[in-house]
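Analysis of the macromolecular model
Each chain, written out:
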Amino acid sequence: MVEVKNLSFSYRKGTRVIDSVSVKIEKGEFVTILGHNGSGKSTLAKLLVGLLKADSGEIYLDGRILNEDTVDELRGKIGIVFQNPDNQFVGVTVRDDIAFGLENRCYPREEMLRLIDEYSRLVNMEKFLEYNPENLSGGEKQRVAIAGILAYNPDIIIFDEATSMLDPKGVREVNEVMSQLRGKKTIIQITHNLNEAIASDRVLVMKDGKIILNDVPEKVFREKETLKASRLDILDCMKLIEMIEATQGLKNKKELEEFLWELTFRK
Amino acid sequence: MNTNPVFGQYYHADSWLHRLDPRTKILGTIIIIISLFLLNNLAVIVGAFGATLVLILSSKIPFTKFLRSLKMMTTLLLITVVFQLFFNRGKILAEFDFTLTTVNLAIGIAILVLFFFSRKIITKHRFFLFLALLVFCFYLQTVVKSGKALANYSLAIYEEGLYTSLKVVLRIITLLLISSLLTLTTKPADINTGMERLAKPLKYIGVKVSILSMMISIALRFIPTLINEAGRILKAQASRGVDFKEGKFMQKVTQIISLLVPMFVISYRRAYELADAMEARGYVPDAERTSISLLKYRARDYLTLLFVILLFSAIIALKVSDYAI
């Protein structure tokens, strides 16, 4: 369970990147945080894993407050997959990389080997254990990163635009792993792509460091004006509905033709 | 794109040297290198060289791989030979009289000019060609005596010089072969782990061994990534019209800067993100951590180390009792 109370953060004095955010995420929930560039969504993720220190407000993970004294311990409860597949691959081989988080937590070697075996299988990377990162695709590297996090068994996993640098195949592979984890882990997905949010239990929309919408996806997607104001694209199916609605006022074939021409030209 | 499975010299083969524990190999190499510097008798050094060749044969690595490391040192070797050859006095082996005349001076200058203009035609091995031509110029001075003599001088080769240069060259070659044997039979990551374990006692005098070895392992991990990146930037800059092959010195400098600046910026950002990723996965610098890589001494490691140490003690013992080895 994640509970954020009145959280504020600014990189420099002045503009607040996170502005009194309060939110509660239940255990096992799949939550998507939507937001345009600079909306503060990635900063919120960094605050949640204790990479940044909040100016004011509190974060509770499983009821325990996150601060300088508890951060080393609470990091075992939360894992984060970053955007760039290359810049989070620490080990020289896949095996070493999955082991990295376990080594840091002083797992004995036999236990590590067992966990590596188990979780490399889960993300379908068991045949690549001896591979070097240069010989892996972006999607494969992200799957290794996920295995490296799952191995130390955190309750919460944050995907911080984890698929935005991948090719379509990589996106599909990572999404498959994500859907496997659903219900077993609390998943916080951060993205600017509305289509990725459809499957989630709840959607939070962020703008200028504030959470402006917090509801189930169906309801959030209906708030077209708010979404547009936060510079987010609306869903493809919503666009279609909008177009169909616009045709309601047309009287004859001529007007329909005109309308279709206008649509084409607007693109 | 660089698809090398492992960065570095490592050559995969199945030999007893590959199977040895990296710590054994590192320690053994260090002891052998120290022993080599203790040896001062040509016959013994030839023996050591021969033994090294046998080791190389047993490593199942093609000899051409070793030639690469020797090639890089040819210049140094040649300079050493020339210096040792002419600057050790003693019994004269051969003496050459040189006469610099107008004729062979002219020929010499002509050869140098030709060499300069052959730049576009002969592109490979120019250094060796230059050396050969230089030797030829001196040879001319001993043969061609026509024309007005400008200067007379002589050079002598002494027995001691010949011996010393042979010793020095053989010693350097053996040293290079032995150290390449270590890097060719051991993966860089294994060398790093071996070093870390060997240097562990240093932590009692305040050396942060674990941080150091983490740094080396991250460097090893990112070298291929950075090479790929440099390749991409080179292509990107070339597509914008930067020509990395031609140009005068100052242009070359600007070209290099156009590569270095993006490399530096990207590496900086990489480092930042990597530090975040490591911290998020629970890395605390210099904290106690376990390791996935298992190093285990086996019978063959003890035997190898025992042999090397016996050899070393024998050399020391003979040295101390004034044997000329």
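Definitions and limits used
- Residues numbered from 1 in each chain as written.
- Chains lettered and ligands numbered in written order.
- Predicted model: local features only at pLDDT ≥ 70, side-chain atom pairs only at ≥ 80, totals over all residues.
- Heavy atoms only, no water.
- Helix = DSSP H or I, 4+ residues; strand = E, 2+ residues; numbered from the N terminus.
- Rg over C-alpha atoms; globule rule 2.2 N^0.38 Å.
- Buried < 20%, exposed > 50% of the residue type's maximum accessible area, 1.4 Å probe, protein only.
- Contact = heavy atoms within 4.5 Å.
- Areas by Shrake-Rupley, 256 points an atom, 1.4 Å probe, with all protein chains shown as cover.
- Axes fitted to C-alpha atoms, helices over the stretch in contact; angles between N-to-C directions.
- Parallel < 35°, antiparallel > 145°, perpendicular 65-115°, else oblique.
- Left-handed = near helix turned anticlockwise from the far one by under 90°.
- Core = buried A, V, L, I, M, F, W, Y, C linked by side-chain atoms within 4.5 Å.
- Pairing = 2+ DSSP bridges.
- Buried area = accessible area lost by both parts, 1.4 Å probe.
- Salt bridge = Lys/Arg side-chain N within 4 Å of Asp/Glu carboxyl O.
- 1 Å grid on protein atoms, 1.4 Å probe; cavity = no way out; pocket = protein on both sides within 12 Å on 5 of 7 lines; lining within 4 Å.
- Points joined across faces, edges and corners; volume = space filled by probe spheres on them.
- Domains from an automatic or database assignment.
- Phe/Tyr/Trp six-rings, centres within 6.5 Å; stacked < 30°, edge-to-face > 60°.
- Lys NZ or Arg CZ within 6 Å of the ring centre and 35° of its normal.

Points about the overall build of chain B
For chain B, the helix and strand inventory stands at 12 helices and two strands. For chain B, the N- to C-terminal ordering of α and β elements is α-α-α-α-α-β-α-α-β-α-α-α-α-α. Its C-alpha radius of gyration of 27 Å places chain B more than 25% over the 20 Å reference for a compact globule of 325 residues. Taken along the three principal axes of its C-alpha coordinates, chain B extends 85 × 70 × 40 Å. When burial is assessed residue by residue, chain B has 33% of its 325 residues classed as buried. Across chain B, the fraction of contacts at a sequence separation of at least 24, relative to all contacts at a separation of at least 6, is 84%. Within the structure as shown, chain B displays about 20200 Å² of accessible surface, and the carbon and sulfur contribution to it stands at 71%.

Observations concerning helix H3 (residues 94-104) of chain A
Counting buried residues in H3(A) gives nine out of 11 residues, a clear majority hidden from the surface. Each element contacted by the buried residues of H3(A) is listed here: helix H4 (109-122) and helix H5 (138-150) of chain A together with helix H10 (209-239) and helix H11 (249-280) of chain B. One or two residues past the end of H3(A) sits Cys106(A), with phi positive at roughly 60°.

Observations regarding the packing of helix H5 (residues 74-86) of chain B against helix H8 (residues 159-185) of chain B
All names here are of chain B. Between H5 and H8, the least distance of the axes is 8 Å, while the angle of their chain directions is 160°. Between H5 and H8, the angle falls in the class roughly antiparallel. Crossing angle aside, the handedness with which H5 passes H8 is right-handed. For the pair H5 and H8, contact is made by Leu77, Thr80, Val81, Gln84 and Leu85 and by Gly161, Leu162, Thr164, Ser165, Val168, Val169, Ile172 and Ile173, respectively.

Describing the nonpolar core
Residue and element names in this part refer to chain A. If you look at the biggest cluster of nonpolar residues, it comprises 35 residues, and the most contacted ones within it are Val81, Ile98, Leu102, Ile146, Phe159 and Leu181. Where this core is concerned, the elements lending two or more residues are H3, H4, H5, strand E7 (156-160) and helix H6 (168-181). When residues of this core are assigned to their parent elements, the largest contribution, six residues, is made by H5. Not counting residues within four places of it along the chain, the set of residues in contact with Val81 comprises Gln88, Gln142, Ala145, Ile146, Ile149, Ile157, Ile158, Phe159, Asp160 and Ala162. By size, the runner-up hydrophobic cluster in this structure holds 33 residues, among which are Phe9, Val49, Leu61 and Ile156.

Section: the side chain of Ser180(B)
Mapped onto the fold, Ser180(B) is located in helix H8. Setting aside residues up to four positions removed in sequence, Ser180(B) forms contacts with Phe66(B) and Ser69(B).

Section: the sheet that holds strand E1 (residues 2-9) of chain A
All names here are of chain A. With antiparallel pairing, four strands are arranged side by side in an open sheet as E2-E1-E4-E5. Because the sheet does not close on itself, it has two edges, and the strands there are strand E2 (18-25) and strand E5 (64-65). Where E1 and E2 come together, five bridges link them in antiparallel fashion. Within E2, the position partnered with Val2 by the bridge is Ile25.

Topic: the interface of chain A and chain B
Listed as interface residues are 39 residues of chain A and, on the opposing side, 31 residues of chain B. Across the chain A/chain B interface, buried area totals approximately 2900 Å², and carbon plus sulfur atoms make up 52% of it. Broken down residue by residue, the surface that chain A buries against chain B is led by Asn87(A), Arg109(A) and Glu134(A), which jointly contribute 22%. Remark: the boundary between chain A and chain B carries five salt bridges.

Describing empty space enclosed by the protein
Residue and element names in this part refer to chain A. Applying the stated criterion across every chain, the model contains one cavity of 30 Å³ or more. If you add up the space inside the largest cavity, you get close to 30 Å³. What lines the largest cavity is simply Val2, Val4, Val23, Ile25, Ile33, Leu44, Leu48, Ile188 and Leu204. Sorting the residues of the lining of the largest cavity by element identifies E1, E2 and helix H1 (41-48) as the ones contributing at least two each.

So, the domain arrangement of chain A
Residue and element names in this part refer to chain A. Taken as a whole, chain A is organised into domain 1 (2-232) and domain 2 (235-266). Just the C-alpha atoms count here: the centres of domain 1 and domain 2 sit 40 Å apart. Contacts between the two partners involve seven residues from domain 1 and, on the opposite side, five residues from domain 2. Secondary-structure elements contributing two or more residues to the side of domain 1 that touches domain 2 are helix H7 (194-197), helix H8 (217-222) and helix H9 (224-229).

Some remarks on unusual backbone geometry
The phi angle at Cys106(A) is positive, at roughly 60°, despite the residue not being glycine. Residue placement: Cys106(A) occurs in the loop between H3 and H4. By relative accessible area, which is 34% here, Cys106(A) ends up partly exposed. Phi at Asp322(B) takes a positive value of approximately 60°, unusual for a residue other than glycine. Here Asp322(B) is to be found in the segment after helix H12 (299-320).

Describing the packing of aromatic side chains
In this structure the tally under the stated criterion is 10 aromatic pairs over all chains. Over the ring of Tyr152(A) we find Arg105(A); its NZ or CZ atom is 3.8 Å from the centre of that ring. The ring of Tyr297(B) carries Arg23(B) above its face, with NZ or CZ at 4.3 Å from the centroid.

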